[in-house]
Amino acid sequence: MKKILAVARWEYMEKVKSKIFLFGLLFTPLIMIGMGVLPTLFVSEEDVESRIIGVIDPGGKVYQEFAQRFQNRYLLKNKQPNYIVLPLAVGTGVELQAAVEDANRRIADDLIDGYFVVPQGGSDTVVEYRSKSVGDFATAARIEENLKSIVTEKRVQALGLDPSVVRQLSPKLDVRMVMISDEGKREDAGFERVFLSAYVFLMMLFLLIVTSGQMLVRSVIEEKSNRIVEVLVSSCSPTELMAGKVLGLSGLGLTQMGFWALIAVAASFQFGMQLVDLSDAFLLLIYFILGYLFYAAIFIAAGSPLNTEQEAQQITSYLVIILILPIVLALPAMKTPDASWIKVLTYIPFLTPTMMALRIPIQMPALWEILLTIVIMLVSIYVAMVAAGRIFRIGILSTGKSPKLKEIYRWIKNG
Amino acid sequence: MLSVQQLRKQFDTVVAVDGVSFDVPGGSIFGLLGPNGAGKTTTIRMILRILEPDSGTVTYNGEGFTEATRDMLGYLPEERGLYKKSRLIDTLLYFAELRGMQRSKARTIVMSWLERLGLEQAAQRKVEELSKGNQQKVQFVGAVMHDPAIVVLDEPFSGLDPVNQNIFKDILLELKQKGKAIIFSTHQMDQAERLSDALCLINKGRVVLGGSVREVKKRYGRNSLHVDFDGDGAFLATMTGVQNVMLYEHSAEMELLPGVTPRDLIAAINPRLELRKVELLEPSLHAIFLNTVGATQLVETGKEGAA
């Protein structure tokens, strides 16, 4: 046991000091926050200043009505109008080409935020809202909604009906996403929260496993090529060596995760977002550790027979593909968390932790599913560790050509 | 006391070690000789339990191998064997812990060893910043710092300048005084000849020659003529009446054929060279080695070693 701890301490201390670890520690959360938080901030951010919207209306029939509605309907927090609607060229006899050129120049000079041209003629058509940033979906949607109702009212009027009928007929609709929990309760967790917690956890698990797995493989290869392994294996048994490595690496993973969790908590306070429930977090942590140990065994088994960095990169890239699968599945799984194929995938040990990390924030799986998957993981970890130990024992001493799969299978069977 | 009995190891179809036996009593130095690929390193690995023998036994002070045995073994691997990017002191403390030492106690001992080898200033430096010779010293400290009863050194003198070779030699003799069983493998016959009490020459996995150095030499008798000379001695190689001629720039060693006396030989050489020293001796280990293993194989080995 003392020797296991010595190995663990060494693996931990040497890697904690390495640049690649520091880089992962600091930059991963930055990337996470960048990927997770910024777009939602961007989408949900409300304007703090009025925007100036230009209108080119060659017919002159829409501008007045539009300006009135648009300016009155949307208000900033300080009760000032969100939009100021500016007539750029309104009325018959407008030279469209010149007006558009003029409007483009105004955008370039930052005199207006954007403009659109009211289409002429009766048929359905496309209205372009032109502005410097094409990401302003909210404004575009608002323009569309108001233009639609104005045009509809005008058409209704042309038919000789009362335009107010339209307002009565078309209710103002706002679709909000509301998540319903298992107990049938409404949860005030919007799309962002679900998306964030599922995705952030997936990515964290993924990055943690890949970076530490690579570190493990690289260190084994270094020890092999430097013959350090001979000194190690004459000092302690291969089993102790492997156990120490797994332990040290787990410590490293927990350090990393703890640090990230701190950042996540800080970030969620900062942005007023609740990332995940505590009960969720506890479960996720369990799957996290299970997945980590399972993949540690896989990486040891895959890495110890190898002799060169190139081979190691090849192997890790295969493992990355397996790991990344649940990330690809995140969106469909969010739409249909009940789909049977998603449930089936959950029971494949390679995918269990990530699939669970994906499912838990979306919709808590049934208790029996949770217990069953944990048992599956424990058994898989045991089997993987025993097999990895057998491969490791022979693999770390093999030099020269890397062994074939058949040979490795024999090691497992005979060990 | 280390005892190796009928050790055998096979890799696939190749028998790397085939029935190797020898004893290394405490307080003695044992030379393990042989060309590359002869099975020296495989034998060493089985002694250190890096490899399991297929058959045969190794006993350590009369007992079989247990986990506790590891702490009484010291090992200097043939080359490298250190973490390049790690600090020297950290690496040694790690190795010391793995050999069962207390970290705090190990620090004092490691530092005194480093001081003795003139490396105390380098303790905080990274291994890759050290010269090859100094790295070898660090490995040497790693092999002896935990006061092991059995010290195994694979090519300990490679990459060392004469001054450091002398330091190593002194330490080895000191360990011998302390009653340690020391095994070292080498290609340098003169080293083996001067240092070892007993030796064993392995070729193709088998012991082809073994015993105390005196015994081995006696077996060959005093029939080797050593000459130092000035002039062109090229003709010595093809002279009649001798075999296994080893020719150097200004000296030669040749084995007399039966019936040829030293006098005959000197008479033949004297007119053609300025002889400075003539001695009738036992053959050198080098000559015995060549004689036993075969000259061609050694030449090949030399090439491999240089590559």
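Model, not experiment: these values are computed from the prediction. (Residues numbered from 1 in each chain as written. Chains lettered and ligands numbered in written order. Predicted model: local features only at pLDDT ≥ 70, side-chain atom pairs only at ≥ 80, totals over all residues. Heavy atoms only, no water.)

Please set out the overall build of chain B residue by residue, giving values where relevant.
A count of helices and strands for chain B gives 10 helices and 13 strands. Counting only C-alpha atoms and orienting by the principal axes, one finds that chain B spans roughly 70 × 45 × 35 Å. Taken across its 307 residues, chain B has 49% of its residues classed as buried. Residue pairs in contact within chain B that sit at least 24 positions apart in sequence constitute 67% of those at least 6 positions apart. Entry remark: accessible area of chain B is about 14,100 Å², with carbon and sulfur atoms responsible for 48%. Distance between charge centres in chain B, computed from 36 positive and 38 negative side chains, equals 3 Å. (Helix = DSSP H or I, 4+ residues; strand = E, 2+ residues; numbered from the N terminus. Buried < 20%, exposed > 50% of the residue type's maximum accessible area, 1.4 Å probe, protein only. Contact = heavy atoms within 4.5 Å. Areas by Shrake-Rupley, 256 points an atom, 1.4 Å probe, with all protein chains shown as cover. Lys, Arg positive; Asp, Glu negative; His and termini not counted. Charge placed at Lys NZ, Arg CZ, Asp CG, Glu CD.)

How would you summarise a nonpolar patch on the surface if you had to cite specific residues and measurements?
Residue and element names in this part refer to chain A. Among the surface-exposed residues, Leu 22, Phe 23, Leu 26, Phe 27, Leu 30, Ile 31 and Phe 259 lie close enough to one another that they form a single nonpolar patch of about 670 Å² accessible area. If you tally residues by element for the nonpolar patch, the top one is helix 2 (residues 19-44), at six residues. Note on placement: Leu 22 falls in helix 2. Looking at Leu 22, the relative accessible area reads 42%, which means it is partly exposed. (Patch = residues over 30% accessible without salt bridge, like charges linked within 9 Å, V, L, I, M, F, W, Y side chains within 5 Å. Salt bridge = Lys/Arg side-chain N within 4 Å of Asp/Glu carboxyl O.)

I'd like a rundown of the sheet that holds strand 9 (residues 206-212) of chain B, residues and numbers included.
Residues and elements named next belong to chain B. Read from one edge of the open sheet, six strands run 5-6-7-3-8-9, paired in mixed fashion. Of all strands in the sheet, those bounded by a partner on one side alone are strand 5 (73-76) and strand 9. On average, each strand axis in the sheet is tilted by 15° relative to the strand beside it, whichever way the strands run. Summarising the sheet, strand 8 (residues 198-203) and strand 9 pair through six bridges and their orientation is antiparallel. Within the sheet, the bridge partner assigned to Cys 200 lies in strand 9 and is Gly 210. Against the sheet, helix 9 (residues 285-293) touches strand 3 (28-33), strand 8 and strand 9, its axis set at about 30° to strand 8. (Pairing = 2+ DSSP bridges. Axes fitted to C-alpha atoms, helices over the stretch in contact; angles between N-to-C directions.)

So what's going on with the packing of aromatic side chains? Residues and values would help.
In the structure shown here, the tally under the stated rule is 18 aromatic pairs over all chains. Relative to Phe95(B), the ring of Tyr83(B) has its centre 6.4 Å away and its plane inclined at 40°; by these criteria the two rings are tilted. Here Tyr83(B) is found in the loop between strand 5 and helix 2 (88-98), whereas its partner Phe95(B) is found in helix 2, with 12 residues between them in sequence. Tyr83(B) sits in the buried class, given a relative accessible area of 4%. For Phe95(B), a relative accessible area of 5% gives the class buried. An aromatic cluster is present here, built from Phe66(A), Phe70(A), Tyr74(A), Tyr83(A) and Phe116(A) joined pairwise through their rings. (Phe/Tyr/Trp six-rings, centres within 6.5 Å; stacked < 30°, edge-to-face > 60°.)

Requested: an account of the environment of Thr255(A), with residues and values cited.
Structurally, Thr255(A) can be placed in helix 9 (residues 238-270). Distance from Thr255(A) to Gly395(A), taken between C-alpha atoms, is 29 Å for residues 140 residues apart in sequence.

Lay out the packing of helix 1 (residues 2-16) of chain A against helix 2 of chain B in plain terms, naming residues and giving numbers.
Interhelical geometry of helix 1 of chain A versus helix 2 of chain B gives an angle of 160° and a closest axis separation of 9 Å. It follows that helix 1 of chain A is roughly antiparallel to helix 2 of chain B by the angle criterion. As for how helix 1 of chain A packs across helix 2 of chain B, the hand of that crossing is left-handed. Across the interface between the two elements, Lys3(A), Ala6(A), Val7(A), Arg9(A), Trp10(A) and Glu14(A) from helix 1 of chain A touch Asp90(B), Thr91(B), Tyr94(B), Glu97(B) and Leu98(B) from helix 2 of chain B. For the contact of helix 1 of chain A with helix 2 of chain B, a count of residues per class yields five nonpolar, one polar and five charged. (Parallel < 35°, antiparallel > 145°, perpendicular 65-115°, else oblique. Left-handed = near helix turned anticlockwise from the far one by under 90°. Nonpolar A, V, L, I, M, F, W, Y, C, P; charged D, E, K, R; others polar.)

Got a sec to walk through the interface of chain A and chain B? Specific residues and values, please.
Contacts between the two partners involve 25 residues from chain A, matched on the other side by 27 residues from chain B. Around 2,500 Å² of area is buried between chain A and chain B when both sides are counted, 51% of it from carbon and sulfur atoms. On the chain A side of the contact with chain B, Trp10(A), Glu230(A) and Ser234(A) bury the most area, a combined 24% of that side's loss. Here Asp71(B) and Lys3(A) are joined by a salt bridge, their closest N and O atoms 2.8 Å apart. Connecting chain A to chain B are 12 residue pairs in polar contact (both at pLDDT 80 or more). In terms of residue class, the side of chain A that touches chain B is made up of 10 nonpolar, five polar and 10 charged. (Buried area = accessible area lost by both parts, 1.4 Å probe. Polar contact = N/O pair within 3.5 Å; in protein donor to acceptor, adjacent residues only side chain to side chain.)

Explain the side chain of Thr352(A) to me, and be specific about the residues and the numbers.
Here Thr352(A) is to be found in helix 13 (residues 352-362). With residues near it in sequence (within four places) discarded, Thr352(A) still touches Tyr287(A), Thr346(A), Tyr347(A), Thr373(A) and Met377(A).

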